[in-house]
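Each chain, written out:
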Amino acid sequence: MTQELTPQWLAEIKALKQQIAELQGERDTAWQSAEKWRKLYNTEAEQRRSDAQMAQQTIESLKKQIEQIKGIEAELLDDPTTTTAIQQEVEQIESVEELKTQLIAVTKERDRILQALKTEQDNHAQTRKSLTTALGDAIDRLTRERG
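The present account deals with the structure reproduced in this document. Along every chain, residues carry numbers that run from 1 in the direction the sequence is written. Totals for whole chains, interfaces and linings use all residues, but because this is a predicted model, local features are given only for residues with pLDDT of at least 70 and pairs of side-chain atoms are given and counted only at 80 or more. Hydrogens are left out, water is left out, and the side-chain values use all remaining heavy atoms of the structure.

Here's the deal with the overall build of the protein
- Secondary structure counts use DSSP, requiring at least four H or I residues in a row for a helix and at least two E residues in a row for a strand, with both numbered from the N terminus. Along the backbone of the protein there are three helices and zero strands.
- Against the compact-globule benchmark of 15 Å for 147 residues, the protein has a radius of gyration of 37 Å, which places it well outside the compact range.
- Over its C-alpha atoms, taken along the principal directions, the protein stretches across nearly 135 × 25 × 15 Å.
- The buried label applies to any residue whose accessible area, calculated with a 1.4 Å probe on protein chains only, is under 20% of its type's maximum; exposed applies above 50%, and partly exposed to all values in between. Per-residue burial for the protein yields a buried fraction of 3% across its 147 residues.
- Seen as two clouds, the 21 positive and the 27 negative side-chain charges of the protein have centres 9 Å apart. Only C-alpha atoms enter the radius of gyration, while the globule expectation follows 2.2 Å times N to the 0.38, with N the number of residues. In this tally Asp and Glu are treated as negative and Lys and Arg as positive; neither His nor the chain ends contributes. Think of each charge as sitting on NZ of Lys, CZ of Arg, CG of Asp or CD of Glu.

Regarding the pattern of salt bridges
- What makes a salt bridge here is a side-chain nitrogen of Lys or Arg within 4 Å of a carboxyl oxygen of Asp or Glu, nothing more. For the coordinates displayed, the defined rule picks out eight salt bridges.
- In this structure, Lys100 engages Glu97 in a salt bridge whose closest nitrogen and oxygen atoms are separated by 3.9 Å. Of this pair, Lys100 and Glu97 both sit in helix H3 (residues 96-146), three residues apart, which is roughly one turn of the helix.
- Overall, the relative accessible area of 46% leaves Lys100 in the partly exposed class.
- Across the pair Arg110 and Asp111 runs a salt bridge, and its minimum N-O distance is 2.7 Å.
- On the basis of relative accessibility, which here comes to 38%, the residue Asp111 falls in the partly exposed class.

Examining the packing of aromatic side chains
- A pair of aromatic rings is counted whenever rings of Phe, Tyr or Trp (Trp by its six-membered ring) have centres within 6.5 Å, and the orientation is called stacked for planes under 30 degrees apart, edge-to-face for over 60 and tilted otherwise. Scanning the model with the defined rule gives zero aromatic pairs in all.
- The aromatic ring of Trp31 is capped on one face by Arg38, whose charged end is 5.6 Å from the ring centroid. Only when the NZ atom of a Lys or the CZ atom of an Arg is both within 6 Å of the ring centre and within 35 degrees of the ring normal do we say a charge sits over the ring.

Considering the environment of Gln102
- Tracing the sequence through the fold places Gln102 in helix H3.
- The sequence separation of Gln102 and Arg27 amounts to 75 residues, and the corresponding C-alpha distance is 84 Å.

Observations regarding a nonpolar patch on the surface
- Patch rule: a residue counts if its relative accessible area is over 30% and it has no salt bridge; like charges are joined within 9 Å, and nonpolar side chains (Val, Leu, Ile, Met, Phe, Trp, Tyr) within 5 Å. Note on areas: these come from Shrake-Rupley sampling with a 1.4 Å probe, and a residue is covered only by the protein chains present in the view. Among the surface-exposed residues, Leu5, Trp9, Leu10 and Ile13 lie close enough to one another that they form a single nonpolar patch of about 420 Å² accessible area.
- Tracing the sequence through the fold places Ile13 in helix H1 (residues 2-78).
- The exposure class assigned to Ile13 is partly exposed, which follows from its relative accessible area of 42%.

Focus: the environment of Leu131
- When you line up the elements, Leu131 lands in helix H3.
- Sequence separation between Leu131 and Trp31 is 100 residues; the distance between their C-alpha atoms is 37 Å.

Following this line, the structure appears as structure tokens:
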């Protein structure tokens, strides 16, 4: 009876060894896949951190530019030479009609400058939107290529 069981046990052991080998192969494959996804995630996270840092630097740079522009405007408005020139120009106006004409011209110039500013702001917003979309598309394409 022992001799009859020995081939069965050997066959059972061989089958179990085969099953262990297959499971180890599946485990290794799953581990490699997990490692691949971990690397992709880390790469994506690093890219996002880099993009956020670049955006923050851009914001800081733009804030500095705004402060500089405000400083220049304040200097121009407080510039005694400019103030004197404006006062001289106003003193040369001799009639109410001439004053009205000058006021209309200044108002038109202000409106033109405001319209140019609005156009520039709209263009800036559109550019920002386009660049954000392009960046998102590039990240999606990179993710698909890596995946």
